[in-house]
Amino acid sequence: MSDQNPHHNHARYWRKNIVLVFVILAIWFTVSLGSGILFRDWLDANFPKVGNAPFGFWMAQQGAIICFVGLLIGYKFFMNRLENQEGFSSK
Amino acid sequence: MTQDYWNFLFIGLSFAVYIGIAVKSRAASTKEYYTAGGGVSPLANGMATAADWMSAATFISMAGTVAIVGYDASRFLMGWTGGFVLLTVLMVPFLRKFGKATVPDFIGDRYYSRMARGVAVVCAIFICMTYIMGQMRGVGVVFSQLFGIGIPAGVLIGAAIVFVYAGLGGMKGITYTQVAQYCVMAFAYTIPAVFIAIALTNNFIPQLGLIGNYTAGDEVVPFLEKLNNINQEIGFEKYTDGKLATVDIFCITVALMCGTAGLPHVIVRFFTVKNVKAVRTSACWTLAFIAVIYLTAPTIGAFSRVNLIEKLNNTSYKETPQWFKEFEETGQMAWVDKNGDGVIQYYGPLKSEEKTSSPFQGKKPAYPAPNAPKEQRIGKHGERLLISKADMTNPNELWFGNDIMVMANPHMAGLPAWVIGLLMAGCIAAALSTAAGLLLVLSTSISHDLMKKIVKPDLSDKEEVSYARIAAFVALAVAAYFGINPPSAFIAKTVAFAFGLAASSFFPTLLMGIFFKRVNKQGAIAGMVSGIAFTAGYIIYFQFLGGSKEQWLLGISPEGIGSIGMLINFAVTFIVSAFTPAPPQEVQDMVESIRMPDGSDDENSSSAPPVMH
């Protein structure tokens, strides 16, 4: 696990971590505050219904929560992969 | 078997389990007391955090709120789950890597300042105290219904139980108790929903029933359309439309999300697992377990709305089901026969010119004394009479509290008595688990952050645990006092306050402490103080000093003002930090080290599980 140039490694790890956090937060914002509140009326009118529920309404009451769980699973998966790639051994 | 029998059976059994677990996993050292020794499995911690997070208010009132306001309740559904995404990607992995026991610990070290720590301690105590009062009240209400005793006695019994296993067992004791409590809550919440979904929509998955068809009527119609129709028929907004302004609901949701990510009693839960990797796994489990309840709440709300209206509206009092009379007796439902026709009419605000819908004047029904003559207590149809004056500006005759939806649901659907017993046990589990978690943060804030770090640094490990137990006792006594004598509507209002405060103080300060090395102590203190002062000032002005709705800043209600307070905190911190010296090198190194994962060859790494004493 020990690396010849730990600082280089650290900087790259942190940069990739930040990128991942930004991607996750962008999705997080889109599915909840975006779909559920800001663009809800437009989505209700223009998107296919989920079952019998208008799309925006369904996102606000069900879809956003399901996406949140998915996001955290994604975060865990990509962070673990990143740590392995950058040579941080995990016990 | 009678209802009481089932109630006692379920509650007695669950209590035996809780106490057994608490005694078995009692804490012996400060590490075990504060963070359960750092060796809890991610799955167990996930369940425990979920139980900790979902309070009696969530368990009892959330579905009722959804039933009454429909779409507008989405702010709670998204806010209280979305916060966990922020918490997981921005906060807890780094704070766990830091490896200390409490949130003020991090703020005190990162901002190398006793004052910053002091501000953090005061915030933590205030946030936890406002929460725990509501929990004690909830425990008291359930116990009083159960044993037929007064609420004060119920609160005291609840306080004694919480003290035994939280005060004595510490984090280790409550973590494993909360695992059991989560299981009770999850079953108690979902089983009635499944039965009702089958009855109304012919679908055994409630979430599919919600977006499916209503099959209990004469013709099959989409369930939400049915709900919209009956809502509009009797003068309410469409269920799937909101009444709140977009900017307001947006700000409230943001404040709830960021507040969640800044709540100290949730953050410390993640200090109990082995390492940073386990924190991420545990966060997935936590949110998954919370989602089980949060995805069910909107279905319970929608189903019970339909059930309530179908069963009660335009029904003559003589034909109402037995449960209506029972809730009338306990004062959770009331009927005022305004037009004297002996039939219950339920109408929304759109049916009256003044846009009112209260059946009587005042917020809650008032009743004649129990020893009053019979004709003052019982009306000509057999209904319970009120002494509150009827509000004749609208035609609505039916009143019910938000809290009864979950409790009345199994009755309305005609479910067997054991389901209701299970629900009672679930409700108590929700209140106890949250109260215990909060009590722990309160007691550690006082013993560790206040006594050990500020007042008396030479405290020994053993003395510190004793202080924590004394602090737990005192905090509980104060909470019990306010549970017995609630400052009227104060508690409901202060919950919004707690989130606003967490969003405008802890969340930005922790976030900048981790992601911006240049932010220094002057900036952080100035930011925290201005964020809190703005938020607290706004809330106090509108909630307690009678500010009117027309004066709201940009149309944002006090509930959502925490999001603006947060922006102020960010702005002030950056500006002040830019004009004052950078933090010392060792603090910058510390920030650098918490950003790196486990297994990095960093010498200040403190990612090893906390040492057992």
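Sequence order as written defines the numbering, with residues in each chain counted from 1. Written order determines the labels here, with chains lettered from A and ligands numbered from 1. Note on the predicted model: pLDDT of at least 70 is required for a residue's local features to be given, and 80 or more for side-chain atom pairs to be given and counted; whole-chain, interface and lining totals, by contrast, use all residues. Excluded from the side-chain calculation are hydrogens and water; included are all heavy atoms of the structure.

Peer 1: Lay out the overall build of chain B with the relevant residues and their values.
Peer 2: For the purposes of this entry, the term helix denotes a DSSP run of H or I that reaches at least four residues, the term strand denotes a run of E that reaches at least two, and both are numbered from the N terminus. Scanning chain B from terminus to terminus reveals 23 helices and six strands. Scaling as 2.2 N^0.38, a compact globule of 613 residues should have a C-alpha radius of gyration of about 25 Å, and chain B matches this with 25 Å. Summarising its shape, the C-alpha atoms of chain B cover approximately 80 × 55 × 50 Å along the three principal directions. Throughout, exposure labels follow a simple rule: accessible area from a 1.4 Å probe, protein chains only, divided by the maximum for the residue type, with under 20% read as buried, over 50% as exposed, and the rest as partly exposed. Within chain B, buried positions represent 61% of all 613 residues. Of the accessible surface of chain B, which amounts to about 21900 Å², a share of 63% is contributed by carbon and sulfur atoms. Separation between the mean location of the 44 positive side-chain charges and that of the 41 negative ones in chain B comes to 7 Å. The reference for a compact globule is 2.2 Å times residues^0.38; the radius of gyration itself is calculated from the C-alpha atoms. Working definition of accessibility: Shrake-Rupley area with a 1.4 Å probe, residue cover restricted to the visible protein chains. The charge count treats Lys and Arg as positive and Asp and Glu as negative. His and the chain ends do not count. Taken as the charge centre is NZ of Lys, CZ of Arg, CG of Asp or CD of Glu, depending on the residue.

Peer 1: Pulling in residues and values, what's your account of the interface of chain B and chain A?
Peer 2: Any two residues whose heavy atoms approach within 4.5 Å at even a single point are treated as in contact. On the side of chain A, 47 residues touch chain B, which itself brings 55 residues to the contact. Using a 1.4 Å probe, buried area is obtained as the accessible area two parts lose upon being combined, added over both of them. Surface buried jointly by chain B and chain A totals about 4400 Å² across both partners, of which 72% is contributed by carbon and sulfur atoms. Among the residues of chain B in contact with chain A, B:M78, B:I211 and B:R280 are the three that bury the most area, contributing 14% of the side total. We count a salt bridge whenever a side-chain nitrogen from Lys or Arg sits within 4 Å of a carboxyl oxygen from Asp or Glu. Connecting chain B to chain A are one salt bridge. The residue A:E83 makes a salt bridge to B:R280 at a minimum N-O spacing of 2.6 Å. Pairs of N or O atoms are called polar contacts if they sit within 3.5 Å, as long as, within protein, a hydrogen donor faces a hydrogen acceptor (for residues adjacent in sequence, only side-chain-to-side-chain pairs). The tally of links from chain B across to chain A stands at eight residue pairs in polar contact (both at pLDDT 80 or more). The set of elements that each furnish at least two residues to the side of chain B that touches chain A consists of α5 (74–98), α9 (206–210), α11 (246–261) and α13 (276–312) of chain B. It is α5(B) that provides the largest number of residues to the side of chain B that touches chain A, a total of 13 residues.

Peer 1: I'd love a proper account of the pattern of salt bridges, names of residues and values included.
Peer 2: Residues and elements named next belong to chain B. Inspection of the entire model under this criterion finds seven salt bridges over all chains. For the salt bridge of D109 with R117, the shortest nitrogen-to-oxygen distance reads 3.3 Å. The exposure class of D109 is partly exposed, given its relative accessible area of 25%. What makes R117 buried here is its relative accessible area of 6%. Where salt bridges share partners, they join D105, D109 and R117 into one cluster.

Peer 1: Talk me through a nonpolar patch on the surface; I want residue IDs and the actual numbers.
Peer 2: Two distance rules govern patches: like charges are joined within 9 Å, and nonpolar side chains (Val, Leu, Ile, Met, Phe, Trp, Tyr) within 5 Å, applied only to residues with over 30% relative accessible area and no salt bridge. A cluster of nonpolar side chains, namely A:F29, A:L38, A:F39, A:W42 and A:F47, defines an oily patch on the protein surface of about 510 Å² accessible area. With respect to the element layout, A:L38 can be found in helix α1 (residues 6–38).

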